[in-house]
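Structure at a glance
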Amino acid sequence: DSGVTQTPKHLITATGQRVTLRCSPRSGDLSVYWYQQSLDQGLQFLIQYYNGEERAKGNILERFSAQQFPDLHSELNLSSLELGDSALYFCASSVDSLANIQYFGAGTRLSVL
Amino acid sequence: DAKTTQPTSMDCAEGRAANLPCNHSTISGNEYVYWYRQIHSQGPQYIIHGLKNNETNEMASLIITEDRKSSTLILPHATLRDTAVYYCIVVSTGNQFYFGTGTSLTVIP
């Protein structure tokens, strides 16, 4: 158990819908990362937050957004969903913005039908 | 883009050492070598990292060549639970990971 909690574990929705994925980091970790893993793209970095502020952006679509709340949990919002958004979404946390030792949650499997 | 090259797949007999190579010929002086693994769609798991010295922890050993252009992750006594995709990542402090395709290790009974 990494200490990072992601909910829900599975999500099935339809094209055009909007969903929210939730992540609680390890106790004491200030940085949260979001990754997308699809069959054809591998594990891709989406975005990083540190202590409530956006720290780095990767290959995140404009339809996707994230935030980190004062209690340090984070949410990833995916809107106008397309079939190609079906993937595993992982959240990771680290102690600070510079740490490269990241602890990953179990992921949320999103299926867009 | 990936700065590393890894074999696509490897097999290892249970109980034997698994040696996973990684080439990173363009590594910069301030870049570390990190190893993570992912067991069948679970979240990736940190294994070990190093800058230029060899490193060992309870999971594995990391051997980095003197010119730092390649490294080897060693699992000393592979078990069936070590079957996973192993990612070698070159990154400087605070920068983002590029996971690449990794090496799919199968431990055979």
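Definitions and cut-offs
- Residues numbered from 1 in each chain as written.
- Chains lettered and ligands numbered in written order.
- Predicted model: local features only at pLDDT ≥ 70, side-chain atom pairs only at ≥ 80, totals over all residues.
- Heavy atoms only, no water.
- Helix = DSSP H or I, 4+ residues; strand = E, 2+ residues; numbered from the N terminus.
- Contact = heavy atoms within 4.5 Å.
- Buried area = accessible area lost by both parts, 1.4 Å probe.
- Salt bridge = Lys/Arg side-chain N within 4 Å of Asp/Glu carboxyl O.
- Buried < 20%, exposed > 50% of the residue type's maximum accessible area, 1.4 Å probe, protein only.

With that out of the way, let us pick up unusual backbone geometry. Of note, the amide linkage connecting Thr7(A) to Pro8(A) takes the cis form, showing an omega dihedral of -10°. Within the secondary structure, Pro8(A) sits in the loop between β1 (5-7) and β2 (10-13). Not every positive phi belongs to a glycine, and Asn51(A) is a case in point at roughly 50°. A positive phi angle is found at His40(B), which is not glycine, with a value near 35°.

Bringing the interface of chain B and chain A into the picture now. In this assembly, 18 residues from chain B lie in contact with 19 residues from chain A. Summing both sides of the interface, chain B and chain A together bury roughly 1400 Å²; the carbon and sulfur share of this comes to 55%. Interface area lost by chain B to chain A is led by Gln96(B), Phe97(B) and Phe99(B), which between them contribute 32%. Run the count over chain B and chain A and you get zero salt bridges. Among the secondary structure elements, those contributing two or more residues to the side of chain B that touches chain A are β3 (31-38), β4 (45-50) and β8 (84-92) of chain B.

Right, let's get into the pattern of salt bridges. Side-chain pairs of opposite charge can arise whenever the charged atoms involved come near each other. Under the criterion given, the structure shown has five salt bridges over all chains. Here Arg63(A) ties to Glu82(A) by a salt bridge, and the two come within 3.7 Å at their closest N and O atoms. Placement of Arg63(A) in the loop between β6 (53-57) and β7 (64-68) and of Glu82(A) in the loop between β8 (74-78) and β9 (87-94) is noted, with a sequence separation of 19 residues between them. Measuring nitrogen to oxygen at the nearest pair gives 2.8 Å for the salt bridge that ties Asp82(B) to Arg37(B). Highlighted residues: Asp82(B) in the loop between β7 (70-75) and β8 and Arg37(B) in strand β3, separated in sequence by 45 residues. Comparing Asp82(B) with Arg37(B), the two get one shared label, buried.

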